[in-house]
Amino acid sequence: MEKYKYVIVGGGVAGFTAAETLRQKDVSATIAVINSEPYALYSRVMLSKPDFFLGKIPFDKVWMRGQDWYEKNNITFFGSKTAASLDADKKIVKLSDGSELGYEKLLIATGVCARKWGIPGSEREGVYYLRTIDDGKKIMEAIKSAKRAVTIGGGFISFEMADLFALAKIDTSVVIRENYFWEPTLDEASGKMIEKVLTGSGVKIINNAEVQEVVGENKVEGIVLKDGRKIECDMVICGIGVACDFNWFASSGIKTNRGILADEYLQTNLPDVWTAGDIAEYNDLLLEENIQLGNWVNAHEQGRIAGLNMAGVHEPFKFVSFYTTQGMGISVAFVGDTRPGQDRIIIKRGYPEINSYARIIIVGKELVGATLINRTSELSVIAKLIENNIDVSQKYKELEDPNFDLKGLLKTEVKIIQL
Amino acid sequence: MANQKEYIRNRADSNISKIIIDRDLCIGAASCIAVSGSTFELDNENKAVVIGADTADDETLKMAAESCPTKAILLFDKEGKQVYP
């Protein structure tokens, strides 16, 4: 059996950044990375961007580092391999091909999978998910001949794919189960702003609708909604969320909830086992609860922190997460904790009518999150306000004033808690 | 590409003298801000802009550029040679 000081399961941005960090901290350590895909790191973020699909950004830009990066850095790369089981007592990861790897320290950074659509006909050719570069290539090929497309779901996959289809002059419908786009993370006013730009680009929005069945001879020819309406299409993009695969480590004794549970150092309940990225449900020091996030920036930062902790540097993960998207002349950003809840005070900043609208989310005296439409310039300062636990309870007037420079709140306020 | 914005860096202990942001490539993923919030910010078009060319050391700046999922941040040394990507 081969033994490594560090074994990393997952070669996405979290696993890769951990490997890179470990190599910097420990130049001679044996490191192995197991990746279900054959590739070195690529930009998953790029996969849903219209400019990339339409060739405005050259395809090769998708590769973050050379394919020989692992070799150059003396890291053993197990491409196209998955982990099949974990024995945390003996410290062994068994791979799908039967081989076994011993570890001193293990990182689980396998990410999440696109949630499969369970409805009749969804296995038909022409139904696509978007998670891996191979998924992306299939969609790139399909749009060359597609005339009509449907996207399922009111989130960012649907938003960016609808933008792409509109640019590619494909007749597009978006089917949303909710009342409006991005419900309930956004309020209705924000959701309608997004719907307005979509419809302005020729995209049809079908709200409050669920798909009953995907129909067609062999290939997709259309979808039938539960209310009986039929929409003809050549392709369907399914963006209905993500799911985690817990099977391979289920018997190891590792604690899970929606993701793998970890403390603020991204360490799990098992000795010498860490987790990072989309699959990690960690103790967030800023929110004081366990949360799980799925975005590039978060996975990158967690990979770095997990790597540092595995190398013996004791550093907690303390980070205000954010992600953004744009298209059709609108930009949307989510900062910090944007989950809806009864305990939240929402301050509206700007107006849909002026095409510039933010929602500042407050719990108690502190800002916890924000959603920004065409106000991405405020992302950084809001992240800092959250990170520094600034008391904003007397500042609602300033927060409501779309012309007030939020940086003013950073300077004058007294911090409630000194972390 | 045409839509590039240049920022001159004048830091004594630095080998990097210029930062370019390619606005056509930038998608506002904001990873650069996560790594070096004193250097980068987004504007309202969701594109990265440099707010402090001299605030970060070379290692942090390079890490920020390397974290960009579209390689929209270009770094140049004092001889004008591109050092990343």
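If you're wondering where the values come from, they're calculated on a predicted model, not measured in any experiment.

On to the overall build of chain A, then. Broken down by element type, chain A carries ten helices and 25 strands. The globule rule puts the C-alpha radius of gyration for 419 residues at 22 Å, and the 23 Å found for chain A is close to it. Within chain A, the proportion of its 419 residues that are buried is 47%.

The subject of this paragraph is the nonpolar core. Val7(A), Val33(A), Leu107(A), Val236(A), Ala276(A), Phe322(A) and Val335(A) are the most contacted members of the largest nonpolar core, which totals 149 residues. When neighbours within four sequence positions are excluded, Ala276(A) is seen to be in contact with Ala14(A), Ala18(A), Leu107(A), Ala109(A), Leu266(A), Ala299(A), Gln302(A), Gly303(A) and Ala306(A).

Quick look at the confidence of the model for chain B now. Chain-level pLDDT for chain B is 92 on average; 98% of the residues reach the 70-or-more range. With pTM at 0.91, the complex prediction returns an ipTM value of 0.87.

Attention now goes to the environment of Gly10(A). Residues and elements named next belong to chain A. Tracing the backbone shows Gly10 in the loop between strand S1 (2-9) and helix H1 (13-25). Separated by 72 residues in the primary sequence, Gly10 and Thr82 place their C-alpha atoms 8.5 Å from one another. Apart from residues lying up to four places away in sequence, Gly10 is in contact with Gly15, Asn35, Ile108, Ala109, Thr110, Gly111 and Gly277.

A few words now on the sheet that holds strand S9 (residues 148-152) of chain A. Residues and elements named next belong to chain A. Taken in spatial order, the five strands line up as S8-S15-S9-S10-S11 in an open sheet, and their pairing is parallel. The open sheet has two edge strands with one neighbour each: strand S8 (127-128) and strand S11 (204-206). Bridge count for strand S10 (residues 171-175) against S11 is three bridges, and the pairing is parallel. Bridged to Val174 within S11 is Ile205.

Right, let's talk about helix H7 (residues 296-310) of chain A for a bit. Each α-helix turn comprises 3.6 residues. Residues three or four places apart therefore point the same way. Residue and element names in this part refer to chain A. With 15 residues, H7 extends 21 Å from end C-alpha to end C-alpha; this agrees with the ideal 21 Å at 1.5 Å per step. Counting buried residues in H7 gives 15 out of 15 residues, a clear majority hidden from the surface. Just beyond H7, the residue with positive phi is Gly312, at close to 100°.

Time to look at H1(A). Residues and elements named next belong to chain A. When the terminal C-alpha atoms of H1 are compared, their 18 Å separation across 13 residues agrees well with the 18 Å that a helix rising 1.5 Å per residue should span. Taken across its 13 residues, H1 has ten buried, putting it largely inside the fold. Turning to H1, its buried residues number three or more, namely Val13, Ala14, Gly15, Phe16, Thr17, Ala18, Ala19, Glu20, Thr21 and Leu22.

Facing 19 residues of chain B, the contacting portion of chain A comprises 20 residues. At the level of secondary structure, the elements contributing two or more residues to the side of chain B that touches chain A comprise helix H1 (31-35) and strand S3 (40-42) of chain B. Looking at the side of chain B that touches chain A residue by residue, the classes come out as eight nonpolar, seven polar and four charged.

This part covers the sheet that holds strand S12 (residues 211-215) of chain A. All names here are of chain A. Ordered by their spatial adjacency, three strands build an open sheet running S12-S13-S14, and the pairing between neighbours is antiparallel. At either end of the open sheet lies a strand with only one pairing partner, and these are S12 and strand S14 (230-232). Recorded for the sheet is a direction-independent mean angle of 20° between the axes of neighbouring strands. Pairing of strand S13 (residues 222-225) with S14 involves three bridges; the strand directions are antiparallel. Counterpart to Ile223 in the pairing with S14 is Ile231.

All names here are of chain A. By the assigned domains, chain A splits into domain 1 (2-112 + 244-310), domain 2 (116-238) and domain 3 (322-412). Once you take the C-alpha centre of each, domain 1 and domain 2 turn out to be 30 Å apart. Each side of the interface is counted separately: domain 1 has ten residues, and domain 2 has 13 residues.

Following Glu183(A), the chain continues to Pro184(A) via a peptide bond in cis, the omega torsion being 5°. Inspection of the secondary structure puts Pro184(A) in the loop between S10 and helix H6 (188-200). Of note, the bond from Tyr84(B) into Pro85(B) is cis; its omega dihedral lies within 30 degrees of zero at -5°. Position of Pro85(B) relative to the elements: it lies in the segment after strand S6 (82-84). Phi angles above zero are rare outside glycine, and Trp182(A) is one such case at about 65°. Tracing the backbone shows Trp182(A) in the loop between S10 and H6. On the neighbour-count criterion, Trp182(A) (24 C-beta atoms within 10 Å) is buried. Located in the positive-phi region is Lys71(B), a residue other than glycine, with phi close to 55°. Given 21 C-beta atoms within 10 Å, Lys71(B) falls into the buried group.

Residues and elements named next belong to chain A. Inspection of the sheet shows S12 paired to S13 by four bridges, in the antiparallel sense. Directly across from Val211, in S13, lies its bridge partner Leu225. The turn linking S12 back onto S13 is made up of six residues, and Gly216 within it adopts a positive phi angle of 150°.

With that out of the way, let us pick up the pairing of strand S2 (residues 16-22) of chain B. Residue and element names in this part refer to chain B. In terms of strand pairing, strand S1 (residues 4-8) meets S2 through five bridges, oriented antiparallel. Residue Lys5 lies in a different strand from S2, and its bridge partner there is Ile21. Examined bridge by bridge, S2 and strand S5 (residues 73-77) share five bridges and lie antiparallel to one another. Looking at the pairing, Ile16 lines up with Asp77 of S5.

About the thresholds
Residues numbered from 1 in each chain as written. Chains lettered and ligands numbered in written order. Predicted model: local features only at pLDDT ≥ 70, side-chain atom pairs only at ≥ 80, totals over all residues. Helix = DSSP H or I, 4+ residues; strand = E, 2+ residues; numbered from the N terminus. Rg over C-alpha atoms; globule rule 2.2 N^0.38 Å. Buried ≥ 20, exposed ≤ 12 C-beta atoms within 10 Å, placed from the backbone. Core = buried A, V, L, I, M, F, W, Y, C linked by C-beta atoms within 7 Å. Contact = placed C-beta atoms within 7 Å. pLDDT = per-residue confidence, 0-100. Pairing = 2+ DSSP bridges. Expected span 1.5 Å × (residues − 1). Nonpolar A, V, L, I, M, F, W, Y, C, P; charged D, E, K, R; others polar. Axes fitted to C-alpha atoms, helices over the stretch in contact; angles between N-to-C directions. Domains from an automatic or database assignment.

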